[in-house]
Amino acid sequence: IVVLVVLAAGLWAAGLSAPPADAAHIPHDEIRAMAVSPDFRNDGLVLSVVDDRLLRSTDGGDTWAPVVAGVPTAGLITVDFAPTEPDRAYLVGGGTLHRSDDGGRSFAPVPGFPPDVGPVRLVISRSDADLVFVANLLGVVYRSANGGSTWELVDGITGVVALEFVGDTVFAATADGRLRRSE
């Protein structure tokens, strides 16, 4: 088991060594999100949202480079890999959803994503890289079963503050303390 630890000074495998002096971030940078490749043991790939930058490491966090191709310049919120396709990652930022099919080297806006959604939460199926759920600031949930080409509103659920997949079931926690799950 590999355990990764995020600190303001960088990212490193727990128990190995302190972060190097040339770590991706300087102290007090805000690390908003981190995604570790599902094939990390082979590719060492990590993506990290730091302030309003997306950083990419292919050596387990020893060195970092900014990702700029197709990445919004403001409003980056979260990033995650599709567990079944190591080259696919989704990025929430700039008021929309972006997708990478090249291991996070570049991103492009998801063309079928509704322009007025403004996603802030993202969850990807653990068994199907094309099954994606997002929620906006109002907690309204949208679902795509084809990698983002088309989206549908998930009826009957609002106020979502957290989304998570367990197996093939998606769980949604709401602001009023309820836990909902897909059938």
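In short, a report on the structure. (Residues numbered from 1 in each chain as written. Predicted model: local features only at pLDDT ≥ 70, side-chain atom pairs only at ≥ 80, totals over all residues. Heavy atoms only, no water.)

### As for the overall build of the protein chain
When helices and strands are tallied, the protein chain shows one helix and 17 strands. The buried share among the 183 residues of the protein chain stands at 43%. Long-range pairs, those at least 24 residues apart, make up 35% of the contacts in the protein chain with a sequence separation of at least 6. Looking at the protein chain as shown, the accessible area adds up to about 9,100 Å², and 53% of this sits on carbon and sulfur atoms. (Helix = DSSP H or I, 4+ residues; strand = E, 2+ residues; numbered from the N terminus. Buried < 20%, exposed > 50% of the residue type's maximum accessible area, 1.4 Å probe, protein only. Contact = heavy atoms within 4.5 Å. Areas by Shrake-Rupley, 256 points an atom, 1.4 Å probe, with all protein chains shown as cover.)

### Some details on the pattern of salt bridges
Summed over all chains, the structure comprises nine salt bridges. With its nearest N and O atoms 3.0 Å apart, the salt bridge here joins arginine 32 to aspartate 52. Placement of arginine 32 in strand E3 (residues 31–36) and of aspartate 52 in the loop between strand E4 (46–50) and strand E5 (53–57) is noted, with a sequence separation of 20 residues between them. Judged by relative accessible area, arginine 32 falls into the partly exposed class, the value being 34%. Note on aspartate 52: relative accessible area 31%, which makes it partly exposed. Two residues, glutamate 164 and arginine 126, come together in a salt bridge whose shortest N-O distance is 3.5 Å. Note that glutamate 164 is positioned in strand E15 (residues 160–166) and arginine 126 in the loop between strand E11 (119–124) and strand E12 (132–136), a separation of 38 residues in sequence. A residue is classified by how much of its surface remains accessible, and glutamate 164, at 39% relative accessible area, is partly exposed. (Salt bridge = Lys/Arg side-chain N within 4 Å of Asp/Glu carboxyl O.)

### Topic: the layout of surface pockets
By volume, the largest pocket amounts to about 250 Å³. Surrounding the largest pocket, 15 residues form its lining, Val154, Ile157, Val170, Arg181 and Ser182 being those nearest its centre. Elements with a contribution of two residues or more to the lining of the largest pocket: strand E13 (141–144), strand E16 (169–174) and strand E17 (179–181). (1 Å grid on protein atoms, 1.4 Å probe; cavity = no way out; pocket = protein on both sides within 12 Å on 5 of 7 lines; lining within 4 Å. Points joined across faces, edges and corners; volume = space filled by probe spheres on them.)

### Focus on the sheet that holds E16
Adjacent strands of a sheet form backbone hydrogen bonds with each other and so pair up, either parallel or antiparallel. As summarised here, the arrangement of the three strands in space is E15-E16-E17, forming an open sheet in which the pairing is antiparallel. The sheet is open, and its two edges are formed by E15 and E17, each paired on a single side. Within the sheet, the average angular offset between the axes of one strand and its neighbour, ignoring direction, is 20 degrees. Pairing geometry for E15 and E16, over six bridges, is antiparallel. What sits directly across from leucine 163, in E16, is alanine 172. (Pairing = 2+ DSSP bridges. Axes fitted to C-alpha atoms, helices over the stretch in contact; angles between N-to-C directions.)

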